[in-house]
Amino acid sequence: MLEVDRINSFYGKAHVLRDLSLDVPKGEVVALLGRNGAGKSTTMKSVMQIVRTASGSVRFEGQEISRLPPHKIAKLGVGYVPEDRRVFSDLTVVENLIVGYQPPREGSVTWTRDMLFDLFPNLAERRNNRGKALSGGEQQMLTIARTLMGNPSLVLLDEPSEGVAPVIVEQMVQVITQLKSEGLTVLLSEQNLHFAQAVADRAVIIESGARVYHGTLAELTANPDIRDAYLAA
Amino acid sequence: MEFFVAQVLTGLANASSLFLVACGLSLIFGVTRIVNFAHGSLYMIGAYTGYSLMQVLPGAVGFWGSILIAGLVVGLVGLLIEILVLRPVYRAPELFQLVATFGVILVIQDLALLIWGPEDLLGPRAPGLRGVVRIMGEPIPKYDIALLIITPFVAVALWYLITKTRLGVLVRAATQDREMVGALGVNQSWLFTGVFALGSALAGLGGALQLPKGGADLLMDFNILAPVFVVVVIGGMGSLPGAYLAAIIISVLNVFGVSYLPESTLVLMFVVMIVVLMIRPYGLFGREEVAGEHGQVGEPERPIKPASNTVRMVVAAGLVLLALLPLYGSHFSLVLITDVLIFCLFAASLHFLLGTGGLVSFGHAAYYGGGAYVAALLVTHVNSPMELAFLLAPVGAGLVALAIGWVCLRLTGVYFAMLTLAFAQLIWSLVFQWGDVTGGDDGLVNIWPAEWLKATTVYFYFTLVIAVSGILILRHVAHSPFGYALRAARDSERQAEATGIDTRKVRLLAFGFAGFMGGLAGALFVFSKGSVFPNELEIARSFDALIVVFLGGVKTLAGGVVGAGFFKGIEEVLIRFEYWRLLMGLLIIFVVIAAPDGVVGSLRKGLERVGLRKVEDQ
Ligand SMILES: Nc1ncnc2c1ncn2[C@@H]1O[C@H](COP(=O)(O)OP(=O)(O)OP(=O)(O)O)[C@@H](O)[C@H]1O
Ligand SMILES: [Mg+2]
């Protein structure tokens, strides 16, 4: 579904992604693992072309997207959930969802506001509150819900477990599991291996912007050496 | 009481166009983060277009139709400006976008002159609304009543658009985080264009609506800017109710001012603004600006180094050439180079503020013209000897700068920029209105240098010495510990504070110092010309300096100076053409789009690219 092939990305002169490749097969959840600053978020942004890739290719459903602007990539069905949430703090929950709205797309689930409120009951209660009045966990849910309003077939989920309470992490696990059962494909960036183990089929580990491991999650679990070498305890 | 009510009603009616124009500005700023200086020009086009349409479309339908069509036409003009001029420079530093809008101002000024001629046009009366109605015995023009009724409807319609429609939601979302809006599948370019067109249409409507109360003339573009900025600052950037309330306050106050304090109407506006800002620094309904956009990465600044030997040699050679000018140059070239030198000093003083201090002052002419006027006033009214007047001019300008800086530095970013411009307009209007002292429009004349400086050659040397020393002092200060403190405050206020720098004090001193140097240039100017007129204080003069600094490049120290030479040279060529503003405007737009690093910066980059200059790594 998503094929990233030897991309290089820069911030100014800082070379952050180095010939990075990864595949996300349709219907699977792939965990992108790595330490702080390894380049996980940059990978997500590079797929979205929020950070422009200097070289290499990014294909989505066979189509080259690395020269498209972010909005066109989103329109093709790639949903992006940023790590720092970036809810529109002056807009209400409902208005945040309106921004994310895109017309139904063939081949992916068509989400309605009510379906999302079923998925995230907390948001339903707070539908007329402004983004800035929400708790961190609620904001995290809102970002996901907002992205789902665009009916994506692939979701780039950047560290959904970061800085939220354990209950919410638990809820995130359920949400991702449900998304998967609805047929969505997910690229999930994580530092928390346990979280990844609960939801992911495969894992890719990156270090200093280069891929150092890829395989199924079962293999990774069976290889504590790799884990110890590249992931924080 | 009756009179009071009538005054309030007139004020409310006057608030109408002001509100529309301010709303448009606010809306455009919210989404695109551009303070559209050409907004006054759009307002002017609205007035002219409305006027022309009213000549051909008959009756009441024709009249109101003309207003609507004028709005649409200006919306279309805005659309074109956005697509042709702004779209290529959205990624450039935001100041370049401002310079691009200056270019647009110049182009529109000349196009208006070309199409509608230099005479002021008196607006036609609204058919069917010619007379007055008596309210509590006081005559109120019927058209005022019409405006009173229309404005709230327009305000509500706008409010509905912004709060209740998806477009409005997108606009508000983009105001907060446009990159995220893009990542959610919204085409931002389209949104920007739409908002720019809408904001422009509002300015155009404002211009056409005020026709029966005023008319159309070629100065209205600049004249509306100060009140509009004041309204936006008082109301709070991006707030519709704020703009409405502030427009009403300013207009009502203005009406009372005309009745009771006719000499000080303009000053009144500023007094209100200062009071509001003391209590609410971001306006009645405004919020603090969030600095820093997501995902914008600028190139790191080059470290400042002492000039290399080559540079020193080039500068020295240039100075020698200049010093020998009287030997080979004509009389005309002496006068021209004197002008250029003065302008270089003026631009360098702004460059210091902008480049080193990161303080974007849009009203630097206040200190340049201010210095000139201080000297001229001393000579005219107390018969001061030239030498004394010359010494006191920069001091006076510096003090004015300290006072204005004291108020403006409470704010940052665009608010700061708009305030500096508004204050410069205040000084201009003071000089303009206070004819007994300043000569008003007729200016002050017979301000000649002392006997020993009278000869053109001698004055040329005098200017050369003062201007070059001034520029060297500016450079020296920029490299002194004070300059570093200023730069630290620019780059990170918090870190600077943490290292014990009183950022506010440092900035205020820098503002005063730049004002002093601007005043010095003004003093050189007034004695070289023997006279001074209010146009030395105009917005256009401030813009000249800004354009020069940008042409030269903000990041390079030589920028201000090279830019000034370049600008004056080009102006000298262009001014021979009747429509030089048009050419100048197009040139500015071209430079902004083609060479966003300015002349010096682009030259440097070009040289690096072809390998003539070593790329300096870290
Ligand atoms: N806007 C930026 N400008 C410059 N450098 C950046 C920027 N964002 C990230 N970097 C650098 O790029 C590298 C990769 O950062 P990235 O955010 O992709 O890492 P990450 O794996 O997501 O880390 P974390 O787990 O902390 O979120 C880091 O060294 C970081 O310092
Ligand atoms: Mg990250």
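Residues numbered from 1 in each chain as written. Chains lettered and ligands numbered in written order. Predicted model: local features only at pLDDT ≥ 70, side-chain atom pairs only at ≥ 80, totals over all residues. Heavy atoms only, no water.

Draft legend 1. Focus on the overall build of chain A. Looking only at helices and strands, chain A has ten helices and ten strands in total. On C-alpha atoms alone, chain A measures out to a radius of gyration of 17 Å, which is about the 17 Å that the 2.2 N^0.38 rule sets for 233 residues. By its C-alpha atoms, chain A is 45 × 35 × 35 Å across when sized along the principal axes. Across the 233 residues of chain A, 56% fall into the buried class. Of the contacts made within chain A by residues no fewer than 6 positions apart, 68% connect residues no fewer than 24 positions apart. Total accessible area on chain A is roughly 9,300 Å²; 49% of this is exposed by carbon and sulfur atoms. Side-chain charges in chain A split into 25 positive and 27 negative, and the spacing between the mean points of these groups amounts to 7 Å. (Helix = DSSP H or I, 4+ residues; strand = E, 2+ residues; numbered from the N terminus. Rg over C-alpha atoms; globule rule 2.2 N^0.38 Å. Buried < 20%, exposed > 50% of the residue type's maximum accessible area, 1.4 Å probe, protein only. Contact = heavy atoms within 4.5 Å. Areas by Shrake-Rupley, 256 points an atom, 1.4 Å probe, with all protein chains shown as cover. Lys, Arg positive; Asp, Glu negative; His and termini not counted. Charge placed at Lys NZ, Arg CZ, Asp CG, Glu CD.)

Draft legend 2. Representation of the side chain of Ser251(B) within the structure. All names here are of chain B. Relative to the elements of secondary structure, Ser 251 occurs in helix H10 (residues 240–260). For Ser 251, a relative accessible area of 5% corresponds to the buried category. At a separation of 2.7 Å, a polar atom in the side chain of Ser 251 contacts the main-chain carbonyl oxygen of Ala 247. Residues contacting Ser 251, with those up to four places away along its chain left out, are Gly 11, Asn 14, Ala 15 and Leu 18. (Polar contact = N/O pair within 3.5 Å; in protein donor to acceptor, adjacent residues only side chain to side chain.)

Draft legend 3. Focus on the confidence of the model for chain A. Averaged over every residue, the pLDDT of chain A is 90; the share at 70 or more is 99%. The weakest mean pLDDT in chain A belongs to helix H10 (residues 224–230) of chain A at 79; the strongest belongs to helix H3 (residues 93–100) of chain A at 95. (pLDDT = per-residue confidence, 0-100.)

Draft legend 4. Region of interest: the coordination of the magnesium ion (ligand 2). Residue and element names in this part refer to chain A. Of the protein atoms, only Ser 41 (OG) and Glu 83 (OE) coordinate the magnesium ion (ligand 2), at distances of 1.9 to 2.5 Å. In this pair, Ser 41 is assigned in helix H1 (residues 40–48) and Glu 83 in the loop between strand S6 (78–81) and H3, connecting sequence segments 42 residues apart. Look at Glu 83 and you get partly exposed, because its relative accessible area is 24%. (Donors = N, O, S within 2.8 Å, 3.2 Å for Na, K, Ca; no water.)

Draft legend 5. Representation of the side chain of Glu190(A) within the structure. Residues and elements named next belong to chain A. If you trace the backbone, Glu 190 turns up in strand S8 (residues 185–190). Of the side chains with opposite charge, Lys 40 comes closest to the buried, unpaired Glu 190, at an N-O distance of 8.1 Å. A polar contact is formed between the side chain of Glu 190 and the side chain of Ser 161, at a distance of 2.9 Å. What Glu 190 contacts, discounting residues up to four positions off in sequence, is Leu 32, Leu 33, Gly 34, Lys 40, Glu 159, Pro 160, Ser 161 and Phe 195. (Salt bridge = Lys/Arg side-chain N within 4 Å of Asp/Glu carboxyl O.)

Draft legend 6. Molecular detail of the site of ligand 1. Residue and element names in this part refer to chain A. For ligand 1, the set of nearby residues contains 13 residues, the closest of which are Gly 37, Lys 40, Ser 41, Thr 42 and Glu 83. Contacts to ligand 1 include Glu 83, whose side-chain N or O atom sits 2.9 Å from an oxygen atom. For ligand 1, an oxygen atom lies 3.0 Å from a polar atom in the side chain of Gln 191. Its free accessible area being 640 Å², ligand 1 has 63% of it covered by the protein chains. With three residues, H1 is the largest single contributor of residues to the shell around ligand 1. Tallied by class, residues from the shell around ligand 1 come to three nonpolar, six polar and four charged. (Near = heavy atom within 4 Å. Nonpolar A, V, L, I, M, F, W, Y, C, P; charged D, E, K, R; others polar.)

Draft legend 7. Spatial organisation of the domain arrangement of chain B. Residues and elements named next belong to chain B. Domain boundaries in chain B define domain 1 (2–231) and domain 2 (331–609). Taking only C-alpha atoms, the centre of domain 1 and the centre of domain 2 are 31 Å apart. The partner domain 2 presents 28 residues to the 30 residues of domain 1 that form the contact. At the boundary of domain 1 with domain 2, total buried surface from both sides reaches about 2,600 Å², with 86% on carbon and sulfur atoms. The tally of links from domain 1 across to domain 2 stands at one salt bridge. Across the pair Arg 581 and Asp 110 runs a salt bridge whose closest N-O atoms are separated by 3.6 Å. One can count three residue pairs in polar contact (both at pLDDT 80 or more) joining domain 1 with domain 2. Elements with a minimum of two residues in the side of domain 1 that touches domain 2: helix H3 (59–86), helix H4 (94–116) and helix H9 (220–235). (Domains from an automatic or database assignment. Buried area = accessible area lost by both parts, 1.4 Å probe.)

Draft legend 8. How the structure looks around unusual backbone geometry. Residue and element names in this part refer to chain A. With a phi close to 65 degrees, Gln 49 is a non-glycine residue in the positive phi region. Looking at where Gln 49 falls in the secondary structure, it is placed in the loop between H1 and strand S4 (53–60). Phi is positive for Arg 85, close to 70 degrees, though the residue is something other than glycine. Take Arg 85: it is sitting in the loop between S6 and H3.

Draft legend 9. A look at the packing of helix H12 (residues 309–323) of chain B against helix H19 (residues 456–479) of chain B. Residue and element names in this part refer to chain B. Closest axis-to-axis distance for the H12/H19 pair is 11 Å, and the angle between their directions is 160 degrees. On the basis of the axis angle, H12 is roughly antiparallel to H19. The chirality of how H12 crosses H19 is right-handed. Each of Leu 319, Leu 322 and Ala 323 in H12 lies in contact with H19, whose residues at this interface are Phe 460, Tyr 461, Leu 464 and Val 468. (Axes fitted to C-alpha atoms, helices over the stretch in contact; angles between N-to-C directions. Parallel < 35°, antiparallel > 145°, perpendicular 65-115°, else oblique. Left-handed = near helix turned anticlockwise from the far one by under 90°.)

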